[in-house]
Amino acid sequence: MSLTLSNAAFTFVGAGSMAEAIVRGLTSQKEGNPSRITMLNRQDVSRLRALQQSYGVSYAVETSDKNQAIIDADVVIVAFKPKDAVEGLKALGPLLQRSQLLVSVIAGLSTSTIEDILGAAGQPIARTMPNTSSSIGLGATGISFTPSVTANQQKLAIDMFASTGIVSVVDEAKLDIVTGVSGSGPAYIYYMMEAMIEGGIRGGLTPEAAKQLTVQTVLGAAKMVELTGEDPADLRRKVTSPNGTTQAALEMLDRHDFSTGVTKAVLRSAERAGELGQAISAQAANR
Ligand SMILES: NC(=O)C1=CN([C@@H]2O[C@H](COP(=O)(O)OP(=O)(O)OC[C@H]3O[C@@H](n4cnc5c(N)ncnc54)[C@H](OP(=O)(O)O)[C@@H]3O)[C@@H](O)[C@H]2O)C=CC1
Ligand SMILES: O=C(O)[C@@H]1CCC=N1
């Protein structure tokens, strides 16, 4: 029988903010099936109860029930922090079957390291990099598959993340730079918004007005790029009258190396993802 969003059993190991964003997407779909979703944490039971209340999903607390939820799953999603990866994956290893799809959202963690820690070479793995906008259906997820992931499992994983926004299938080697662009990306935009709001307030606007104008400006600019299909550089030129206000503003940004700073930030995030992956690999080797 082919696996779909409505009949597949999903078990989330780690029920934090990223797991919630995906669950919100899954349960918002017509074919989403909360009764097939189980959430696990190590200790935070109140969090699990809150997720059950909000989305109608199940949770398990006792070790035997948690293990059973993993054994029964078609898709096991690991959604804990990189620092918890070795412990979490080691515990999963003996429970996983080759027929089950493992989905990782953990930044920087390579599928070869996952296989090493699990002790399960050839485990079907979808390595992904979503972002927090997934929680409102406007996420951007990069996804890659190991060779043993079946066509049905690939479709299921893509459908899963498509329920939270757009999905881009990439080679695994590109996932760190996806992290730099869209995984960490919302934070760059928020940082710029903070600075725009600060500028508005310093210029005399109320905080509310500065925030409202900034939010609509960012929304409008993103929509302009999406709906017109024009390059951001062309749209920027259309805003920029010769010797006008925008030119003066952009010259100030250039004096502060804004563009270089953002490009370097994207690359640094990707590099950091690699470092996190290396650290997990080293930690695993030392155990
Ligand atoms: N936040 C973001 O913008 C993005 C994050 N990511 C990735 O998502 C992952 C999760 O991040 P995020 O959701 O922000 O983290 P959170 O801290 O919100 O959630 C992690 C959860 O995992 C649980 N946990 C930790 N270890 C285990 C374990 N061994 N078994 C079961 N549960 C466990 C923790 O609960 P408890 O301590 O009770 O067990 C906690 O609820 C990270 O690896 C990150 O790299 C990817 C893209 C974007
Ligand atoms: O900051 C982090 O490490 C995670 C991964 C991408 C976004 N947040």
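Per chain, the residues get numbers from 1 upward, laid out in the order the sequence is written. Chain letters start at A and ligand numbers start at 1, both assigned in the order the entries are written. Whole-chain, interface and lining totals are the exception, using all residues; otherwise, since this is a predicted model, local features are given only for residues with pLDDT of at least 70 and side-chain atom pairs are given and counted only at 80 or more. Where side-chain values are given, they derive from all heavy atoms of the structure, hydrogens and water being excluded.

The name given to the protein in an unreviewed UniProt entry is Pyrroline-5-carboxylate reductase, with Paenibacillus foliorum as the source organism. Check the Subcellular location (unreviewed entry) section of the UniProt entry for the protein; it says "Cytoplasm". UniProt positions are given in the numbering used here, feature names are shortened, and annotations may be inferred rather than shown by experiment.

Another aspect to go through is the site of ligand 1. The environment of ligand 1 is formed by 24 residues, the closest being Ser17, Met18, Asn41, Arg42 and Phe80. We define a polar contact as two N or O atoms separated by no more than 3.5 Å, with the added condition that, inside protein, one atom must be a possible hydrogen donor and the other a possible acceptor, whereas residues neighbouring each other in sequence contribute only through side-chain atom pairs. In the model, an oxygen atom of ligand 1 is placed 3.0 Å from a nitrogen or oxygen of the serine 17 main chain. Interatomic distance of 2.6 Å between a backbone N/O atom of phenylalanine 80 and an oxygen atom of ligand 1. About the coverage of ligand 1: the protein hides 81% of its 900 Å² of free accessible area. Here a strand is any run of E in DSSP of at least two residues, a helix any run of H or I of at least four, and the numbering for each starts at the N terminus. For the shell around ligand 1, the elements supplying multiple residues, two or more each, are helix 1 (17–28) and helix 4 (85–92). In this count, Pro and Cys sit with the nonpolar residues alongside Ala, Val, Leu, Ile, Met, Phe, Trp and Tyr, while Asp, Glu, Lys and Arg are called charged and the others, Gly among them, polar. Residue composition of the shell around ligand 1, grouped by class: 12 nonpolar, 7 polar and 5 charged. Nearness is judged by heavy atoms alone; a residue qualifies as near a molecule or strand once a single heavy atom is within 4 Å of it. Areas reported here follow the Shrake-Rupley algorithm with a probe of radius 1.4 Å; residue values treat only the protein chains shown as occluding.

With 5 of its 5 residues buried, strand 6 (residues 125–129) lies for the most part within the structure. Each residue is assigned to one of three classes by its accessible area relative to the maximum for its type, calculated with a 1.4 Å probe on protein chains only: buried under 20%, partly exposed between the two thresholds, exposed over 50%. Alternating residues of strand 6 divide into Ile125, Arg127 and Met129 and Ala126 and Thr128, and every residue in both groups is buried. When the strands point away from the viewer, a crossover counts as right-handed if the path from the first strand over the helix to the second runs clockwise. Handedness of the crossover joining strand 5 (residues 101–104) and strand 6 through helix 5 (residues 111–118) is recorded here as right-handed. Two elements, strand 6 and strand 7 (residues 139–145), share 4 bridges in a ladder whose sense is antiparallel. Along strand 7, the bridge assignment pairs threonine 128 with isoleucine 143. Criterion used throughout: strands pair if DSSP finds at least two bridges between them.

The next subject is the pattern of salt bridges. Any Lys or Arg side-chain nitrogen found within 4 Å of a carboxyl oxygen on Asp or Glu counts as a salt bridge. Enumeration over the complete set of coordinates arrives at 16 salt bridges. The salt bridge involving aspartate 234 is made with arginine 237; its shortest N-O contact spans 2.7 Å. Taken together, the residues span about one helical turn, with aspartate 234 and arginine 237 both in helix 10 (residues 232–239) at a distance of 3 residues. Aspartate 234 gets classed as partly exposed once you look at its relative accessible area, which sits at 34%. One salt-bridge network, in which partners are shared between bridges, spans Arg42, Lys83, Asp84 and Glu87.

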